[in-house]
Amino acid sequence: MIRSSRTGRGHAHKGRRGAGAASAVAVLALVAVTSGCKAEPAGSAPATPSAPPASSSPTEDAKPGTDGTESTTPSTSAKPSAKPKATPKSTPEATPSADPQAEVLMATGSQGKQVRELQARLRQIGHFDRSPTGYYGSVTVTAVQSFQGKRGLSRTGRTDTVTWRKLLGMTHAPTAAELTPPTTRPAAKPDKRCLTGRVICISKNSRSLSWMIDGRIVSSMDVRFGSQYTPTREGTFSVYWKSRHHVSSIYHTAMPYAMFFSGGQAVHYSSDFAARGYNGASHGCVNVRDEGKIASLFAQVRNGDKVVVYK
């Protein structure tokens with residue numbers, strides 16, 4: 001009986017400690033976060049804010065097998081031959097396989113000048129149907145697979161040294177206009193509010209952004225907006241905060257080159273937009289898919305510059 005009593009008191013103490021821990025967790029849960037945008041599928045209802053699931057790594061293609069050889073069986077004859085047996089010849093493979101010595105130069109997730117050149121060269125020969133973005137997404141993978149298939153190469157979708165050399169031999173060095181065309185869509189006629197001063201002029205109908213100074217268009221770029229459930233606000237605003245390496249405090253996703261103009265809504269680069277185009281949407285921010293162009297814009301825009309968002 002005495003042992004049972006002590007055991008009971010021990011459980012009571014543990015219960016009080018557990019309750020204290022639970023209270024501490026509840027206090028921490030009250031901390032709120034207030035700003036940021038994240039890409040979502042077009043037309044989808046807003047999900048409960050949470051950290052996005054980690055994306056799975058691209059599936060690697062199977063490694064190429066070794067070349068097969070013919071097996072020979074010594075022939076039977078009345079008299080044994082004194083001559084040595086002939087060395088078996090290798091059988092040529094019927095289907096193309098990846099060169100085991102090829103080095104992968106670019107693949108899903110790569111970005112930069114070489115990716116932009118790859119896209120421009122693929123576009124020259126009809127395998128890439130849009131302006132170069134500098135981001136290696138699903139559209140680029142499909143374009144590379146198409147090129148590889150027509151040239152008898154293994155359709156990995158990755159740009160290795162063999163694929164790159166073949167592409168270089170069939171195309172010319174891209175011009176500046178081929179590498180960075182103004183937009184894939186014509187820039188809209190500027191709203192009258194954009195004609196004076198320093199203005200980020202954003203048209204929803206044409207899905208374009210024009211950086212303007214005193215009525216002159218300095219640069220233009222493609223943009224996308226929030227979904228019907230999280231629309232991008234329209235009106236006249238001003239840039240109140242710039243954050244080069246911003247990460248959303250709500251969705252914990254990257255928002256590089258962010259220029260905030262209305263609450264948590266900002267103009268910023270979107271790798272999702274670069275990869276999927278208009279198949280997605282933001283949670284209200286103005287997404288730019290050309291990293292080079294928004295980097296240049298970010299360097300020129302100052303706090304206080306006007307932002308006009310209109311239909």
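Residues numbered from 1 in each chain as written. Predicted model: local features only at pLDDT ≥ 70, side-chain atom pairs only at ≥ 80, totals over all residues. Heavy atoms only, no water.

Visitor: What is the right way to read helix H3 (residues 138-150) from this model?
Guide: An α-helical segment advances 3.6 residues per turn. Residues three or four places apart therefore align on the same side. Given a rise of 1.5 Å per residue, 13 residues ought to cover 18 Å, and the 19 Å separating the end C-alpha atoms of H3 matches this to within 8%. Of all the positions in H3, only Thr140, Val141, Ala143, Val144, Phe147 and Gln148 are classed as buried. Projection of H3 onto a plane perpendicular to its axis shows the buried side chains occupying an angular sector of 165°, all on one side. Contacts made by the buried residues of H3 are with helix H2 (113-124), strand S3 (159-160) and helix H4 (161-170). (Helix = DSSP H or I, 4+ residues; strand = E, 2+ residues; numbered from the N terminus. Expected span 1.5 Å × (residues − 1). Buried < 20%, exposed > 50% of the residue type's maximum accessible area, 1.4 Å probe, protein only. Arc of directions from axis to C-beta. Contact = heavy atoms within 4.5 Å.)

Visitor: How should empty space enclosed by the protein be read in this particular structure?
Guide: Empty space left among the atoms is revealed by rolling a probe the size of a water molecule over them. Tallied over the full model, the rule gives 2 cavities of 30 Å³ or more. In this structure, the second largest cavity encloses a volume near 40 Å³. Lining the second largest cavity we find Gln119, Phe128, Arg130, Thr133, Tyr135, Gly137, Val139, Thr140, Ala274 and Ala275. At the level of elements, H3 and helix H6 (271-276) are the ones that each hand at least two residues to the lining of the second largest cavity. (1 Å grid on protein atoms, 1.4 Å probe; cavity = no way out; pocket = protein on both sides within 12 Å on 5 of 7 lines; lining within 4 Å. Points joined across faces, edges and corners; volume = space filled by probe spheres on them.)

Visitor: Which parts of the structure should I look at to understand the confidence of the model for the chain?
Guide: Low-confidence regions, as indicated by low pLDDT, have predicted coordinates that should not be scrutinised in detail. On average, residues of the chain score 77 in pLDDT, and 67% of them reach the 70 mark or higher. Segment residues 1-34 is flagged for pLDDT under 50; beyond a separation of four residues in sequence, or across chains, it makes 4 contacts in the model. Predicted confidence is poor over residues 46-82, with pLDDT under 50, and the contacts of this stretch with residues over four places away or in other chains come to 30 contacts. (pLDDT = per-residue confidence, 0-100.)

Visitor: How should the pattern of salt bridges be read in this particular structure?
Guide: Two side chains bearing opposite charge may form a pair once their charged atoms approach each other closely. The full count for this structure, using the stated rule, is 9 salt bridges. Note that Glu234 and Lys311 form a salt bridge whose closest N and O atoms lie 3.8 Å from each other. Note that Glu234 is positioned in the loop between strand S6 (216-224) and strand S7 (235-238) and Lys311 in the segment after strand S13 (306-310), a separation of 77 residues in sequence. Look at Glu234 and you get partly exposed, because its relative accessible area is 39%. Classification of Lys311 by relative accessible area gives exposed; the value is 57%. When salt bridges with common partners are traced through the structure, they connect Lys204, Glu234 and Lys311 into a single cluster. (Salt bridge = Lys/Arg side-chain N within 4 Å of Asp/Glu carboxyl O.)

Visitor: In this structure, what is going on with the pairing of S13? I would like to understand it.
Guide: Burial of S13 is extensive: 4 of the 5 residues sit out of reach of the surface. Pairing analysis gives 5 bridges linking strand S4 (residues 198-203) to S13, with the strands arranged parallel. Along S13, the bridge assignment pairs Cys201 with Val308. As judged from the 4 bridges shared by S7 and S13, these two strands associate in the antiparallel manner. The residue of S13 that forms the bridge with Thr236 is Val308. (Pairing = 2+ DSSP bridges.)

Visitor: Help me out: how do you make sense of the sheet that holds strand S8 (residues 241-247) in this one?
Guide: Neighbouring strands of a sheet are bound in pairs by backbone hydrogen bonds; such pairs are parallel or else antiparallel. A sheet is described by the order of its strands in space; here 9 strands give the open sequence S7-S13-S4-S5-S6-S12-S10-S9-S8, paired in mixed fashion. At either end of the open sheet lies a strand with only one pairing partner, and these are S7 and S8. Pairs of neighbouring strands in the sheet enclose a mean axial angle of 30°, with direction left out of account. Set on the sheet, helix H7 (residues 291-300) makes contact with S4, strand S5 (208-213), S6, S8, strand S9 (254-262), strand S10 (265-269) and strand S12 (286-288); between it and S9 the angle comes to about 50°. (Axes fitted to C-alpha atoms, helices over the stretch in contact; angles between N-to-C directions.)

Visitor: I tried to follow unusual backbone geometry on my own but got confused; where do I start?
Guide: Excluding glycine, residues mostly carry a negative phi; peptide bonds, for their part, are mostly trans. Positive phi, normally seen in glycine, also occurs at Asp214, with a value near 50°. Its place among the elements puts Asp214 in the loop between S5 and S6. We note that His252 has phi near 60°; this positive angle belongs to a residue other than glycine. With respect to the element layout, His252 can be found in the loop between S8 and S9. Among the residues examined, His252 registers a relative accessible area of 48% and is labelled partly exposed.

Visitor: How should the packing of H2 against H4 be read in this particular structure?
Guide: When two helices pack together, their arrangement is captured by the angle between the axes and the distance separating the axes. At a minimum axis separation of 10 Å, H2 and H4 run at an interaxial angle of 55°. When the axes of H2 and H4 are compared, the pair comes out oblique. The two elements H2 and H4 cross, and the hand of that crossing is left-handed. Facing H2, whose interface residues are Gln114, Glu117, Leu118, Arg121 and Leu122, H4 presents Trp164, Leu167 and Leu168. Here the residues of the contact of H2 with H4 sort into 5 nonpolar, 1 polar and 2 charged. (Parallel < 35°, antiparallel > 145°, perpendicular 65-115°, else oblique. Left-handed = near helix turned anticlockwise from the far one by under 90°. Nonpolar A, V, L, I, M, F, W, Y, C, P; charged D, E, K, R; others polar.)

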